[in-house]
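One letter stands for each residue in the lines below.
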Amino acid sequence: MSGALAAPATPRASLILPRASSQSSAGGLTSDRFAASNRRRGDFVFVVNPSGANGRTGKQWKQLLPHLRTRLADQCNICECITSGPSHAIDVTREAIKDGADAVIAVGGDGTLHEVVNGFFWKGSPVRALDRGPDHSTALGLIPLGTGSDFARTFGWTNDPRAAIDRIVRGVKSKLDIGVMEGPNREPHFFVNVADIHLSAKAGYFASMYKRFGNLCYVFGALRAFWGHNNRDMRIKVNGGEWRTVHKVTALCIGNAKYFGGGMKITPTADPFSGNLEVVILQDFKWYDFLLKLHRLYGGTHLSVNGVSSIRVQSIEVAEVTANGDIFVQSDGEHFGFLPTKFSVLPGVVDFFC
């Protein structure tokens, strides 16, 4: 199995270059004052996915930048990076942290945030600054400008970039939990929102092919996923306990936060500051069950529906009863691979502007 976001072959890619100019370019990082000797004010690195939301993110960012400089330029060095393709945000984030940035802010949707979060880690461990001492940490921020922006919904945030800048200016931070997932090769991969298995993960895989249709991509993805779908028996192991079988699983969702799929409140009691993950299992659902119960899934009132169960865990391992290697797994809307997979939580490992 291979994850969708492969780690770079070397631990340090030359992506961030000191500059005096405030003009940005794809593949590089620029700053109003990004000199190694100027550390009296922190460097805030804004990682921008210009193709997010069918290109609207890049356009909105250009319009937002003057306001951002007005609000933040007297507090920090504003550094921006325009990503050029998949996994670029991972590399840039790692470089920014190693170079001692005080904050890395994801500008885009859940996919951009997912990559930035993975950039906070290298080979399973948090990335550290090379010359800022052991007490220095880099904070994570978010300006939600993507198609789904499901992680932001957990906090009641809208895609209002000025409100997001206000949160960053206030500087209030909390210790954010991060989810970890490991496939058969045991290489850790990280998620911040929701990971899921089987039908919903297959729907997410297909939805990624229809992003040009905005939130309708989730509808098209679900329709394709239902074609030929069969509920499957799975084995789970909770918190290192004994294996047990769960029959006729339609979808199994592991939530660090509450929403996925463009606003579906699938893990409604998840709390990304609790040190736990919420696992919601849907069993023996038919296509018409989704039609009849869709309003409850979106409203987060489905935990009392027949065939739905919920548990809180620190870790859960999920495997097929009969191994075929064809049950989809995704995290934060990004295809990860196939079962078996272990999921766990790193409590309070990242400071987050909230």
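Residues numbered from 1 in each chain as written. Predicted model: local features only at pLDDT ≥ 70, side-chain atom pairs only at ≥ 80, totals over all residues. Heavy atoms only, no water.

An unreviewed UniProt entry lists the chain under the name DAGKc domain-containing protein, from Urochloa decumbens.

This next bit is on the confidence of the model for the chain. In this model, the chain carries a mean pLDDT of 88, and residues with pLDDT of at least 70 account for 89%. In the model, residues 1-26 has pLDDT below 50 throughout and makes 70 contacts with residues more than four positions away in sequence or in other chains. Low confidence marks residues 31-39, where pLDDT is under 50. Its contacts with residues over four positions away, or in another chain, come to 28 contacts. (pLDDT = per-residue confidence, 0-100. Contact = heavy atoms within 4.5 Å.)

Okay, helix 5 (residues 161-170) next. Those residues of helix 5 that fall on the buried side of the exposure criterion are P161, A164, I165, R167, I168 and V169. Of the surrounding elements, those touching the buried residues of helix 5 are strand 2 (42-48), helix 1 (56-72), strand 4 (103-108), strand 7 (139-144) and strand 18 (341-353). The opening residue of helix 5, the one whose side-chain oxygen lies 3.1 Å from the backbone nitrogen of R162, is D160. Of the residues trailing helix 5, G171 is marked for its positive phi of about 80°. (Buried < 20%, exposed > 50% of the residue type's maximum accessible area, 1.4 Å probe, protein only. Helix = DSSP H or I, 4+ residues; strand = E, 2+ residues; numbered from the N terminus. Polar contact = N/O pair within 3.5 Å; in protein donor to acceptor, adjacent residues only side chain to side chain.)

A complete count under the given rule lists 9 salt bridges for this structure. D102 serves as the salt-bridge partner of R132, at 3.5 Å between the closest nitrogen and oxygen. One end of the pair, R132, is in the loop between strand 6 (125-126) and strand 7; the other, D102, is in the loop between helix 2 (88-98) and strand 4, and 30 residues separate them in sequence. In this structure, D326 and R232 form a salt bridge, with 3.0 Å as the shortest nitrogen-oxygen distance. Here D326, found in the loop between strand 15 (315-320) and strand 16 (328-331), pairs with R232, found in strand 11 (residues 232-238); they are 94 residues apart in sequence, far enough to count as distant. Residue R232 is classed as buried on the basis of its relative accessible area, which comes to 19%. (Salt bridge = Lys/Arg side-chain N within 4 Å of Asp/Glu carboxyl O.)

Taken together, the 4 bridges between strand 16 and strand 17 (residues 334-338) define a ladder with antiparallel strand orientation. Paired with Q330 across the bridge in strand 17 is H335. Between strand 16 and strand 17, which follow one another and run antiparallel, lie 2 residues, and D332 among them has a positive phi close to 55°. (Pairing = 2+ DSSP bridges.)

The next point concerns the side chain of T267. Along the polypeptide, T267 turns up in the loop between strand 12 (243-255) and strand 13 (277-283). In this structure T267 touches V194, C253, G255, A257, K258, E278 and V280, once residues within four positions along its chain are discounted.

Turning to unusual backbone geometry, a few remarks are in order. Excluding glycine, residues mostly carry a negative phi; peptide bonds, for their part, are mostly trans. Note that the residue after L339, namely P340, is joined by a cis bond; omega there is 5°. Examined against the element boundaries, P340 turns out to sit in the loop between strand 17 and strand 18. Of note in this structure, R186 is not a glycine but carries a positive phi near 65°. Position of R186 among the secondary structure elements: in the loop between strand 8 (173-182) and strand 9 (188-191). At D332, a residue that is not glycine, the phi angle is positive and equals roughly 55°. If you trace the backbone, D332 turns up in the loop between strand 16 and strand 17.

Taken together, the side chains of F213, L216, V219 and L223 make up a nonpolar region of the molecular surface, amounting to roughly 380 Å² of accessible area. Relative to the assigned elements, L216 resides in helix 7 (residues 216-226). (Patch = residues over 30% accessible without salt bridge, like charges linked within 9 Å, V, L, I, M, F, W, Y side chains within 5 Å. Areas by Shrake-Rupley, 256 points an atom, 1.4 Å probe, with all protein chains shown as cover.)

A word on the packing of helix 2 against helix 3 (residues 110-119). A packed helix pair is summarised by two numbers, namely the angle formed by the two axes and the spacing between the axes. In contact at an axis separation of 7 Å, helix 2 and helix 3 are set at 40° when each is read in the N-to-C sense. Accordingly, the angle class assigned to the pair helix 2 and helix 3 is oblique. Every pair of crossing elements has a handedness; the one defined by helix 2 and helix 3 is right-handed. Contact residues: H88, A89, I90, T93, R94 and I97 in helix 2; E115, V116, N118 and G119 in helix 3. Here the contact of helix 2 with helix 3 is composed, by residue class, of 4 nonpolar, 4 polar and 2 charged. (Axes fitted to C-alpha atoms, helices over the stretch in contact; angles between N-to-C directions. Parallel < 35°, antiparallel > 145°, perpendicular 65-115°, else oblique. Left-handed = near helix turned anticlockwise from the far one by under 90°. Nonpolar A, V, L, I, M, F, W, Y, C, P; charged D, E, K, R; others polar.)

This paragraph deals with the packing of helix 6 (residues 199-207) against helix 7. Taken N-terminus to C-terminus, the directions of helix 6 and helix 7 make an angle of 125°; their axes are 7 Å apart at the nearest point. By the angle between their directions, the pair helix 6 and helix 7 is classed as oblique. Helix-helix and strand crossings are classified by hand; for helix 6 and helix 7 the assignment is right-handed. On helix 7, the residues that touch L199, K202, A203, F206 and A207 of helix 6 are C217, Y218, G221, A222, R224, A225 and F226. In the contact of helix 6 with helix 7, the residues fall into 9 nonpolar, 1 polar and 2 charged.

This paragraph deals with helix 2. Residues separated by three or four positions in an α-helix point in the same direction, a consequence of the helix having 3.6 residues per turn. Of all the 11 residues making up helix 2, 11 are buried; the element is thus mostly covered by neighbouring parts of the structure. Within helix 2 the residues assigned to the buried category are H88, A89, I90, D91, V92, T93, R94, E95, A96, I97 and K98. Buried residues along helix 2 sit in contact with strand 2, strand 3 (76-82), strand 4, helix 3 and strand 5 (121-122). G100 lies just past helix 2 and shows a positive phi near 90°.

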